[in-house]
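Architecture and fold: a report
Spelled out, the chains give:
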Amino acid sequence: MRPIQPLCWIIILMLWTSQSSAYAQEVPVVEAPIQKAPVAESPAEPTLALASIFSDHMVLQRGQRVPIWGHAEPGTKVRLQLGDRVRDTTANDQGAWRLDVGPLAVGRPLEMRVWTEGAALNLDDIVVGDVWICSGQSNMQWTVNRSNDAEAEIANADWPQIRLVTLPRVSASSPQDRFKSAGWQICTSETIRQFSAVAYSFGRELRSTQNVPIGLISTNYGGTPMEAWTSRSALASRATFAREVKKADDAIGGDDRMLKGNYPTGLFNAMIHPLVPFGIRGAIWYQGESNAGRHQHYHELSQLMIADWRTRWGQGDFPFLLVQLAAFMPHVKQWPYLREAQHQTVLTEPNVAMAVATDIGDKEDIHPRNKQEVGKRLALAARALAYGEDIVYSGPVYEEMSKRNGTCVLSFTHLGSGLQIGRSGREEDSTALLGFEVAGKDRQFVPADARIEGDQVLVSSEAVIDPISVRYNWAGWTVGNLYNVEGLPAPPFRTDRF
């Protein structure tokens, strides 16, 4: 048998990589050192290194003490100068050092110098503003150049006060302290092309409304479950996740290059742990598709992960803003339950909000291209929770149901300026209120008539004389069009627990 020639291998590889899953598209990442001074590989040699998140053009979090840390020869004195602030410390017996600076205020760009005997690092064009973690799976990873109006978005992406950094998409069996990336980059038409479209739209809205520099840390990986983004200690605190803990433990000591992104704790170890405790304002999160098959545990898992991240950053209950799953194929029966678990997290956890995306979607593609609207809705939530603006940031949220002569009467919070029939921009747009179903004691749901009456919605069906339950948008592909006047859609809900 003749050996395959090198050219054939190249052709085979090209064909294989061109057929990547629509469920977990990868975005190329340029891996390059971010430090100006070379870092020695051997710990026995004199070394000086900043943590990987520090580079030219970075954004430091305003209004709080900012941790700056790195590695040096054990016992070595380390001096840091940031602008006109100077701090000193000594590397511990493992060579780790940390200095806290601030609180910092928005102002002119700063320079940073870190030095010890025989080595120095210099970073410049550092700005002070607000930093956001942008995490999740493929819909957060989805890039600007593959989203709606891509060429126009790219052509107009001149935002020198928005700074971007993308972590490499890798998994690890134990917590990592460093990563490789191209470092922080100024937002331009060139740097935005393969950056997260949701994160960019979100950051652009905040830059426009808050008028401070915005730093966006893109740390996301397509096709991955929340367990991969959660630390081992958090998973181990609940018996529910004992299987995941065992799987994570079984990987320790193996070859990390063989680990996939769906491995429990693996992405926390490689893509979250190296960022802690870099100063941040909050986090945005677009994930859930990979957990739909285990939706019954998603609320508990969300509580664990959010609390764990907040504890590790030590910044209190920083805002955590999530995206509810968008509309998708009608047959994905488990998606309504996953959406419900996402909403439960909003209702039970402090300083958590949700951007509803059930009016945005594609029946045939899990990746809707309208990332701009998702980013705008996340930014509304940030403006309310993080910046204290008195604005409407949510669509109508179901509160309670009463009955009146065979009609279900639904009440809502987050009414804004009132209820209305909205327009989703899809072929199902209608002058009638859509998306409602009712069931009687037989628990068989049928389409229902619905109408807005003041601040309530009245739901009934001639086929159900004595309705006991209402569901709204309880499907993978949703057609409901209940909004508030501010144009924000109501999240799906059910009044039962059948």
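Calculation criteria
Throughout, a residue's number is its position along its own chain's written sequence, starting from 1. Totals for whole chains, interfaces and linings use every residue, but because this is a predicted model, local features are given only for residues with pLDDT of at least 70 and side-chain atom pairs only at 80 or more, for both listing and counting. Hydrogen atoms and water are omitted, and side-chain values are computed over all heavy atoms in the structure. Every helix listed is a DSSP run of H or I at least four residues long, and every strand listed is a run of E at least two residues long, numbered separately from the N terminus. We call a residue buried when its accessible area falls under 20% of the maximum for its residue type, exposed when it is over 50%, and partly exposed in between, using a 1.4 Å probe and counting protein chains only. Two residues qualify as a contact provided that any one of their heavy atoms is within 4.5 Å of a heavy atom in the partner residue. Note on areas: Shrake-Rupley, 1.4 Å probe, and residue coverage restricted to the protein chains presented here. Paired strands are those between which DSSP finds at least two bridges. Comment: axis = line fitted to C-alpha atoms, over the contacting stretch for helices; angle = value between 0 and 180 degrees taken between N-to-C directions. Among buried residues, the Ala, Val, Leu, Ile, Met, Phe, Trp, Tyr and Cys ones that are joined through side-chain atoms within 4.5 Å form a nonpolar core. Aromatic rings from Phe, Tyr and Trp, with only the six-membered ring used for Trp, were paired whenever their centres fell within 6.5 Å, and each pair was classed as stacked if the ring planes differed by under 30 degrees, edge-to-face if by over 60, and tilted otherwise. One side-chain nitrogen of Lys or Arg within 4 Å of one carboxyl oxygen of Asp or Glu is enough to make a salt bridge. Here the expected span of a helix is defined as 1.5 Å times the quantity of residues minus one.

A short note on the overall build of the chain
From N to C terminus, the chain includes ten helices and 24 strands. Residue burial in the chain is summarised as follows: out of 498 residues, 54% are buried. Taking all contacts inside the chain whose residues are at least 6 apart in sequence as the whole, residues at least 24 apart take part in 74%. As displayed, the chain offers around 21,800 Å² of accessible surface, 50% of which is attributable to carbon and sulfur atoms.

Some thoughts on the sheet that holds strand E20 (residues 449-453)
The sheet built from four strands is open, its strands ordered E15-E16-E21-E20 with antiparallel pairing. Two strands lie at the open edges of the sheet, namely strand E15 (397-404) and E20, each paired on one side alone. Sheet twist, expressed as the average angle between the axes of neighbouring strands with direction ignored, equals 25 degrees. Inspection of the sheet shows E15 paired to strand E16 (residues 407-413) by seven bridges, in the antiparallel sense. Bridge assignment links Ser402 to a residue of E16, and that residue is Val409.

Observations concerning the nonpolar core
With 76 residues, the main nonpolar core has Phe54 and Trp309 as its most contacted residues. Other than its neighbours up to four places away in sequence, Trp309 contacts Ile133, Ser135, Trp229, Phe268, Ile272, Ala283, Trp285, Phe318 and Phe320.

Thoughts on the sheet that holds strand E18 (residues 436-439)
Taken in spatial order, the four strands line up as E19-E18-E22-E24 in an open sheet, and their pairing is antiparallel. With one partner strand each, in any of the chains shown, strand E19 (446-447) and strand E24 (493-494) form the two edges of the open sheet.

Re the packing of aromatic side chains
Applying the stated criterion across every chain, the model contains 19 aromatic pairs. Between Phe54 and Phe278, the aromatic rings sit 5.4 Å apart at their centres with planes inclined by 70 degrees, giving edge-to-face as the arrangement. Placement of the pair is Phe54 in the loop between strand E1 (48-50) and strand E2 (59-61) and Phe278 in the loop between helix H7 (266-272) and strand E12 (282-286), with a sequence separation of 224 residues. Comparing Phe54 with Phe278 shows no difference in burial state: the two are buried.

A closer look at the pattern of salt bridges
Enumeration over the complete set of coordinates arrives at 25 salt bridges. A salt bridge links Asp125 to Arg163; the nearest nitrogen and oxygen atoms lie 3.2 Å apart. One end of the pair, Asp125, is in strand E8 (residues 119-136); the other, Arg163, is in strand E9 (residues 159-166), and 38 residues separate them in sequence.

Structural notes on helix H9 (residues 335-348)
A turn of α-helix holds 3.6 residues, and therefore any two residues three or four places apart point the same way. Its 14 residues place the ends of H9 20 Å apart at the C-alpha level, agreeing with the 20 Å of an ideal helix rising 1.5 Å per residue. The element H9 is largely enclosed, with a buried count of ten among its 14 residues. All buried positions along H9 are accounted for by Trp335, Pro336, Leu338, Arg339, Glu340, Ala341, Gln342, His343, Thr345 and Val346.

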